[in-house]
Amino acid sequence: MIITTLIDDKKLENSNLINEHGLSLHIQKEKQNILFDTGASGYFAENAKELGIDLNEVDTVIISHGHYDHGGGLETFFKENKHAPVYTKKIGNYYRVYDNGTKKNITWDKTVLEKNSQQIRYLTQDLEILENVHLLSSIKKIYPQPPDNKFLYQEKNRQLIRDDFLHELLMVIEEKDGITIFSGCSHQGILNMIETARNKFRGKPIKAVLGGFHIIESAFNNREECIFEVKEIADKILKYPLGKVYTGHCTEIKPYLLLKEVMGSKLEYLSTGMVIKL
Ligand SMILES: [Fe+2]
Ligand SMILES: [Fe+2]
């Protein structure tokens, strides 16, 4: 399996690719080409071209959740590919509400769903979308969620209520030597994501975990207890039979370095242009 990071918040040094706040991963597994998220704009497509990846050859697209930094590039994708099914959960309206009360709509442009309805598949339950490629629809709630979630809201009956993140899904690719877990932002907590996949594929080792963990610096402000919480997440991740963890996007640098202190070579930063062979 070859995974290419088409978009992440950071990029590899000396790379002439474009980075933005968002995530998009291209996965080539035998003859299957999968696109997991599309970043915030169409830049992922420019990077794909630069990296020699033809988006018209993508067989299936997965959008991890309803935030713009994951589904914002869909319009560009539909211009380049008119056959691949796009899997998403039902999407509502999502907001970030700041301390001063201002709010920002952070939903991706859903008009693309109507314009390209023949390619859209709504996920309502766990589903094997290609051979050994699974989408998991409901995430376990054993561990705490990231503290920054308190700023994230959804619209219900014209009112804003705290986001329950039921619009979030998880992708698991199963191979003979183990499973690989893909998460967009892990709003429901990376440990809950890993636990959900582990529970479904009992006994299978985890080859790798990839995605953003939504650990935001400002939500921590270096408070001792937060430093401890991040390190505790790292400790718990290490308890799983797991090969490697690649995180970037909404895992900000300070928390990343805290995770790295505990996880050492098991953890790597996921940057635009990075190619991972598993
Ligand atoms: Fe995100
Ligand atoms: Fe998100």
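Use the structure listed above.
Presented here is a report on the structure given in the accompanying data block. These numbers were taken from a predicted model, which means no experiment stands behind them.

### Quick look at the coordination of the iron ion (ligand 2)
Then, in step 1: The iron ion (ligand 2) binds to the protein through His 65 (NE2), His 67 (ND1), Cys 185 (SG) and His 187 (NE2), with metal-donor distances spanning 2.2 to 2.7 Å.
Then, in step 2: Note that the iron ion (ligand 2) binds 4 donor atoms; their angles at the metal cover 90 to 177°, and the shape is irregular.
Then, in step 3: Positions of the donor residues of the iron ion (ligand 2), expressed as sequence spacing, correspond to H-x1-H-x117-C-x1-H.
Then, in step 4: For Cys 185, a relative accessible area of 2% translates into the label buried.

### Concerning the pattern of salt bridges
Then, in step 1: What the rule picks out here adds up to 10 salt bridges.
Then, in step 2: Here Asp 148 and Arg 96 are joined by a salt bridge, their closest N and O atoms 2.4 Å apart. With Asp 148 in the loop between strand E10 (133–136) and strand E11 (152–156) and Arg 96 in strand E6 (residues 94–97), this pair connects stretches of sequence that are 52 residues apart. For the pair formed by Asp 148 and Arg 96, the shared burial category is buried.
Then, in step 3: Ionic pairing is found between Glu 174 and Lys 204, a salt bridge with its closest N-O pair at 3.5 Å. Of this pair, Glu 174 sits in strand E13 (residues 170–175) while Lys 204 sits in the loop between helix H5 (190–200) and strand E15 (206–211), placing them 30 residues apart in sequence.
Then, in step 4: According to the relative accessible area criterion, Lys 204 is partly exposed, its value standing at 24%.

### Concerning the nonpolar core
Then, in step 1: Counting 29 residues, the largest nonpolar core has Val 209 and Ile 237 as its most contacted members.
Then, in step 2: Elements supplying a minimum of two residues to this core: E13, strand E14 (178–183), H5, E15, helix H6 (224–238), strand E16 (242–247), helix H7 (253–263) and strand E17 (267–269).
Then, in step 3: Residues within four places of Ile 237 in sequence aside, it is in contact with Ile 190, Leu 191, Ile 194, Phe 213, Leu 242, Val 245 and Met 263.
Then, in step 4: Judged by nonpolar contacts, the second largest core, of 25 residues, contains Ile 53, Val 61, Val 86 and Leu 152.

Rules and cut-offs
- Residues numbered from 1 in each chain as written.
- Chains lettered and ligands numbered in written order.
- Predicted model: local features only at pLDDT ≥ 70, side-chain atom pairs only at ≥ 80, totals over all residues.
- Heavy atoms only, no water.
- Donors = N, O, S within 2.8 Å, 3.2 Å for Na, K, Ca; no water.
- Tetrahedral: all angles 85-135°; square planar, octahedral: opposite > 155°, others 65-115°.
- Buried < 20%, exposed > 50% of the residue type's maximum accessible area, 1.4 Å probe, protein only.
- Salt bridge = Lys/Arg side-chain N within 4 Å of Asp/Glu carboxyl O.
- Helix = DSSP H or I, 4+ residues; strand = E, 2+ residues; numbered from the N terminus.
- Core = buried A, V, L, I, M, F, W, Y, C linked by side-chain atoms within 4.5 Å.
- Contact = heavy atoms within 4.5 Å.

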